[in-house]
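# Coordinate inspection notes
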Amino acid sequence: MDEEEIDKGFLRFDVKTGMKNIIGRDLITDDFIAIYELVKNSYDAYAYRVKITFKKDEIIIADNGKGMSKVDLFEKWFSVAYSAKKDNTEDDDLKRDSHLDNLKSRRFYAGAKGVGRFSCDRLGSKLELITSKILSNQAYKVQVNWDEFEVDAKQSFGSIDIPYEETSTKNSFPNSSSNGTILKIANLNSIWDKDKLINLRRSLEKLINPFSKQNDFSIEIDANEVLNETLFEDSNSKINGIIDNTILKVLDLKTTQIDLVVKDNLVTTKITDRGTLIYHIEESNNYQSLIDNLEINLYYLNRSAKINFGKLMDIEPVNYGNVFLFKNGFRVQPYGNPGDDSWELDIRKQQGYNRFLGTRDLFGSVELITENFNEFKEVSSRDGGLVETVGKKILFDLFKEKAFLRLERYVAGVLWGEAFKRKNYFLNIDTAQQHRDSLSEDKNKDTFEDALNNLGSKIDFVNLIRSLSDDKNVKIISYNKDLVNLVNEKLDIVQPKFIIDLEKIAEKTNDKDLLNQVKLTEDNFNKILKEKEDAILREEEERKKRIEAENKAKEEAKKRAEAERKQKEEEEKRKKAEFEARENEIKRREEEVKRKEAEQRAKEEEENRKQVEKKSENQKRQIDRFRSAETVTYKDLRDSNHIIGVYADDISKKIQLFKRKLDRNSNMSKNDIIDFLQGISLVNEKINTITKFTTKSNFLEATLSANEDIVSYVENYVLNIYGSLHKELKYEIITNNIEFKKNFQPIELSVILDNILNNSKKKNASKIIFEFDKINNSLILSIKDEGKELDKSIVPELIFDEGVTSTKGAGLGLNHVKRLLEQYFNASIKYNSEYKKGFELIITFA
């Protein structure tokens, strides 16, 4: 739009070339979905044959659908996001061909967004489209280079010129058809190897409802050019050829299944167990305005069915998928994918593993036929399922309430016996468990004989049918009469209330045979009760006779007991005397034990006393050693004077060297002078430190290298050496029980500590805190004082430079500290500007 148009007072949207990716690659997230979309376009074009050919760097998708004219190309195929399927203009000319018009009566559109054509870009960067309209002699070829849409992001989408031309394609479409569409996609974005092609074929088997037995649309794969170079002939057969509805092979497996059909205003439900009808019901469709054509087929796969499934399909059910959703004959992703729980079955199963079914137990399909695209539309990302609408909610409710929960109720209740104990079917809980355990082998069988021969399963089925009969909206068409036949069962072990349930079922269904059966069951039950009552009376009479005999025996026993009592009294007297003798012996032994325990305690107390004395002696020796450290011997003075002499000689040599340099060059630089002063200052600090050591013995070895614990050395030096000379300062050492041994000269570390402590002293700090920490293999020493902070006029990064000071000193101390740490300890030092109570340095020893 130019400025003249803008001045007229209106604006227009201008779609840029980047839209190609937004409605293409960003929505169609994988290659399989891209091929799905293109096959669906062929289906919607009323093709009955699609051939997909794979070459080295090309995919060809050809169909024999109605094709397109030049007008169709301009007004439909090249109209982004436009779908003629939504405005009912797609089928205007189908009646000219009787076959396609017949297909129209049996098909519903699979897509209606108008973006499926951009799947070509997902597969490759170049597209050649060849198409010829039904009953037309004209054909057109279009060349699309998708890379041209990515050259300039500011370029308008519609400004890219796409060349086309008339061409000849007589009978070049599948089945020698003269009409259809061919898509040749080159410069492929992916490598199509054997495994990917096998997975594509397996996925395409599920693209069109594999549960449907209609056969008016076929897909063929031809990958010979790709496969002949890498595969053997038997592998090619797994990929090439027309794709069959292989799942039809397993639909005749002997499984437990539910089939629900919603047609117009009626919902019909049937449960079949391994070929035998369990029940058949009907109810009104309360959602006819939204759903009037729906079929749900769910299969519960027991262990036997899973094994047979794997043999027939050459894949385990869990890896094939679970419950698929099909809309208008085509699959909606991701419902049914392995590991997908869009139906929210596994979340519920986690709440009761043995009571609920999950995706690993189920297989089946939900087939919805609808033209209500707004209520049942897929999200723009083609693998994202249905958009959240009222229609989707109703669909999911029908699936759960009318199909899944009813199948689960039968499987968990009748086949698993989940409710035998919980609903108190049996008079004895152990009996309930036994009947439940007897159903455990049902998972390995192709018949439901275990349930048919299990009294608990029959009673549970009676409860199930009775609950259906109580629902006023449900009409029971038929049910399995064998499962309610209780005439010959042993009923004295169960609760009698099930007879009332049977009567309700018979009345609700107007089943005269069942009423007669109920009468026989009730007579049988009453007969059993009468036999049980008679048995109780006989048992009572036997009990009375037994009591009389027992009483007579008791009288005889009483007489015998009296004679025995007298005899026992004599025996008791004798035993009493023996008992007293034993008591005295026991008392003697107890006193002996007490004496030995007293001796043992005395011995232990003596041991404790000796340990205390030994500890006291050790403490005394430590105190003596400490006190002896305060005495300076002649040897100590001699050694310290010798060391001081060495350092004084070092100072003298440095002065002579400085004088010679000065004689040669009277204009010495400031740096040379500072270097000289630093050297003298450092030696002087060592002399000053040695003078401290001469007041304490055992520290004169400070000039020698030693493998010492730095933590204990610092603690010792600060508290016993420096602290004894500068008692005006308070010191706190936090060692955290850390030990860090290192080979070093104590004199060097003492000089470092003196410099840092002297700085704190000059700032009149009230307290100095040393705290050790250990990170990995490094020792961290924090030295912080409580006093003045660093002068704000000093740049923190320069405090270790020569001449920088915030005290009355020369500004060499911290520079010496840094040099000594780096030279002798392989350590680093930094100033912590975050500490606000004074001044903190952090030293890291590697």
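About the thresholds
Residues numbered from 1 in each chain as written. Predicted model: local features only at pLDDT ≥ 70, side-chain atom pairs only at ≥ 80, totals over all residues. Heavy atoms only, no water. Helix = DSSP H or I, 4+ residues; strand = E, 2+ residues; numbered from the N terminus. Contact = heavy atoms within 4.5 Å. Areas by Shrake-Rupley, 256 points an atom, 1.4 Å probe, with all protein chains shown as cover. Pairing = 2+ DSSP bridges. Axes fitted to C-alpha atoms, helices over the stretch in contact; angles between N-to-C directions. Buried < 20%, exposed > 50% of the residue type's maximum accessible area, 1.4 Å probe, protein only. Polar contact = N/O pair within 3.5 Å; in protein donor to acceptor, adjacent residues only side chain to side chain. Expected span 1.5 Å × (residues − 1). Bend = angle between axes of the 7 residues up to and from the residue. Salt bridge = Lys/Arg side-chain N within 4 Å of Asp/Glu carboxyl O. Core = buried A, V, L, I, M, F, W, Y, C linked by side-chain atoms within 4.5 Å. Phe/Tyr/Trp six-rings, centres within 6.5 Å; stacked < 30°, edge-to-face > 60°. Lys NZ or Arg CZ within 6 Å of the ring centre and 35° of its normal. Patch = residues over 30% accessible without salt bridge, like charges linked within 9 Å, V, L, I, M, F, W, Y side chains within 5 Å. Lys, Arg positive; Asp, Glu negative; His and termini not counted. Charge placed at Lys NZ, Arg CZ, Asp CG, Glu CD. pLDDT = per-residue confidence, 0-100. Parallel < 35°, antiparallel > 145°, perpendicular 65-115°, else oblique. Left-handed = near helix turned anticlockwise from the far one by under 90°.

## Let's talk about the overall build of the chain
Tallying secondary structure elements over the chain gives 23 helices and 23 strands in all. Taking contacts inside the chain between residues at least 6 apart in sequence as the whole, the part at least 24 apart equals 71%. Of the roughly 46,800 Å² of accessible surface on the chain, 47% is carried by carbon and sulfur atoms.

## Regarding the sheet that holds strand 22 (residues 827-831)
Spatially, five strands are ordered 18-20-21-23-22 in an open sheet, and the strand pairing comes out mixed. Strands at the two margins of the open sheet, each flanked by one partner only, are strand 18 (730-734) and strand 22. Pairwise comparison of adjacent strand axes, ignoring direction, gives a mean angle of 15° for this sheet. Both strand 21 (residues 778-786) and strand 23 (residues 838-845) contribute to a ladder of eight bridges, which runs antiparallel. Paired with isoleucine 783 across the two strands is leucine 841, which belongs to strand 23. Sheet strands touched by helix 21 (residues 710-725): strand 18, strand 20 (767-775), strand 21 and strand 23. Its angle to strand 18, the strand with the most contacts, is close to 165°. Together, strand 18, strand 20, strand 21 and strand 23 form the strand contacts of helix 22 (residues 746-762), whose direction differs from that of strand 20 by roughly 140°.

## Some thoughts on the sheet that holds strand 15 (residues 362-368)
Sheet architecture is open: eight strands sit in the order 14-13-15-12-9-10-11-16, paired in mixed fashion. Bordering the open sheet on either side are strand 14 (330-332) and strand 16 (474-479), each of which pairs with just one other strand. With direction set aside, neighbouring strand axes in the sheet form an average angle of 15°. In the packing of helix 16 (residues 455-470) onto the sheet, the strands contacted are strand 11 (276-284) and strand 16, and the crossing angle to strand 16 comes to about 145°.

## A short note on the pairing of strand 19 (residues 741-744)
What you see with strand 19 is a clean split: Lys742 and Phe744 sit on the buried side and Lys741 and Asn743 on the side with no burial. Pairing geometry for strand 17 (residues 706-709) and strand 19, over four bridges, is antiparallel. Residue asparagine 707 lies in a different strand from strand 19, and its bridge partner there is asparagine 743.

## Topic: the side chain of serine 203
Structurally, the position occupied by serine 203 is in helix 7 (residues 194-205). Looking at serine 203, its side chain comes within polar contact range of the side chain of tyrosine 36, at 3.5 Å. The residues contacting serine 203, other than those within four sequence positions of it, are Phe32 and Tyr36.

## Topic: the environment of glutamate 128
Summarising the element assignment, glutamate 128 is placed in strand 3 (residues 124-132). Expressed as a C-alpha distance, the spacing of glutamate 128 and lysine 184, which sit 56 residues apart in the sequence, is 4.9 Å. In this view, glutamate 128 contacts Lys141, Val142, Gln143, Ile182, Leu183 and Lys184; residues no more than four positions away in its chain are not counted. A distance of 2.8 Å separates the side chain of glutamate 128 from the side chain of glutamine 143, its partner in a polar contact.

## As for helix 21
Between its first and last C-alpha atoms helix 21 spans 21 Å; for 16 residues at 1.5 Å apiece the expected length is 22 Å, and the two agree. At tyrosine 717, helix 21 shows its maximal kink, close to 35°. Turning to helix 21, its buried residues are Ile710, Val711, Tyr713, Val714, Tyr717, Val718, Ile721, Tyr722 and Gly723. For helix 21, the side-chain oxygen to backbone nitrogen distance between the N-cap and valine 711 is 3.2 Å, and the N-cap itself is aspartate 709.

## Considerations on the pattern of salt bridges
All told, the structure shown has 34 salt bridges when counted by the stated rule. In this structure, the salt-bridge partner of arginine 409 is aspartate 460, at a minimum N-O distance of 2.7 Å. On the criterion of sequence distance, the pair formed by arginine 409 in helix 13 (residues 390-415) and aspartate 460 in helix 16 is long-range, its members being 51 residues apart. Residue class for arginine 409 comes out partly exposed when judged on its relative accessible area of 25%. Several salt bridges share partner residues, and in doing so they unite Asp31, Arg122 and Lys196 into one network.

## Section: the nonpolar core
By size, the foremost hydrophobic cluster in this structure holds 71 residues, and its most contacted members are Ile291 and Leu395. Apart from the residues within four sequence positions on either side, isoleucine 291 is in contact with Val262, Asn285, Leu368, Phe376, Gly391, Ile394, Leu395 and Leu398. Membership of the second largest hydrophobic core comes to 50 residues, among which are Tyr43, Phe54, Val142 and Leu197.

## Section: helix 13
With 26 residues, helix 13 should reach 38 Å at 1.5 Å per residue; the first-to-last C-alpha distance of 35 Å fits that figure. A bend of about 35° at phenylalanine 404 is the largest found in helix 13. Backbone geometry just after helix 13 places glycine 417 at a positive phi near 70°.

## Some words on unusual backbone geometry
Leaving glycine out, the prevailing phi sign among residues is negative, and the prevailing peptide bond configuration is trans. Note that the residue after glutamine 333, namely proline 334, is joined by a cis bond; omega there is 5°. Assignment of secondary structure puts proline 334 in the loop between strand 14 and helix 12 (346-349). For tyrosine 46, which is not glycine, the phi dihedral falls at a positive 65°. For tyrosine 46, the position within the fold is in the loop between helix 3 (31-44) and strand 1 (49-55). Look at asparagine 187: it is not a glycine, yet its phi comes out positive at around 50°. Structurally, the position occupied by asparagine 187 is in strand 6 (residues 180-188).

## As for the packing of aromatic side chains
The tally for this structure, following the rule as stated, stands at 28 aromatic pairs. Ring centres of phenylalanine 54 and tryptophan 192 lie 5.0 Å apart, and the angle between their planes is 45°; on these two criteria the pair is classed as tilted. With phenylalanine 54 in strand 1 and tryptophan 192 in the loop between strand 6 and helix 7, the pair connects residues that are 138 residues apart, well separated along the chain. With respect to class, phenylalanine 54 is no different from tryptophan 192; both count as buried. Between the aromatic rings of phenylalanine 420 and tyrosine 425, the centroid separation amounts to 6.0 Å while the plane-to-plane angle is 45°, which identifies the pairing as tilted. A single burial state applies to phenylalanine 420 and to tyrosine 425, both of which are buried. Through a chain of ring-to-ring contacts, three or more aromatic side chains come together here, namely Phe309, Tyr320, Phe324, Phe326 and Phe363. We note lysine 206 situated over the ring of tyrosine 320; from NZ or CZ to the ring centre the distance is 4.4 Å. Lying across the ring of phenylalanine 356, arginine 348 places its NZ or CZ 4.0 Å from the centre.

## Points about a negative patch on the surface
On the surface, a cluster of negative charge is made up of Glu580, Glu583, Glu590 and Glu591. Of note, glutamate 583 is situated in helix 18 (residues 512-628). In this structure glutamate 583 comes out as partly exposed when scored by relative accessible area, which is 30%.

## Considerations on the confidence of the model for the chain
Keep in mind that low pLDDT regions are not for reading the predicted coordinates in detail. The pLDDT averaged across the chain works out to 82; a share of 81% of its residues lies at or above 70. Segment residues 102-106 is flagged for pLDDT under 50; beyond a separation of four residues in sequence, or across chains, it makes seven contacts in the model. This stretch, residues 231-235, has a pLDDT under 50; its non-local contacts, to residues over four places away or in other chains, come to three contacts.

## Regarding the side chain of aspartate 460
Take aspartate 460: its relative accessible area is 0%, and that puts it in the buried class. The residues touching aspartate 460, leaving out its near neighbours within four places in the chain, are Arg409, Gly413, Val414, Ala419, Phe420 and Tyr425.

## Side note on the packing of helix 21 against helix 22
It is the contact of helix 21 with helix 22, at a shortest axis distance of 11 Å, that shows an interaxial angle of 55°. As far as their axial angle goes, helix 22 and helix 21 are oblique. Regarding helix 21 and helix 22, the two cross each other, and that crossing is right-handed. Two secondary-structure elements touch here, helix 21 through Ile710, Tyr713, Val714, Tyr717 and Tyr722 and helix 22 through Pro746, Leu749, Ser750, Leu753, Asp754, Leu757, Asn758 and Lys761.

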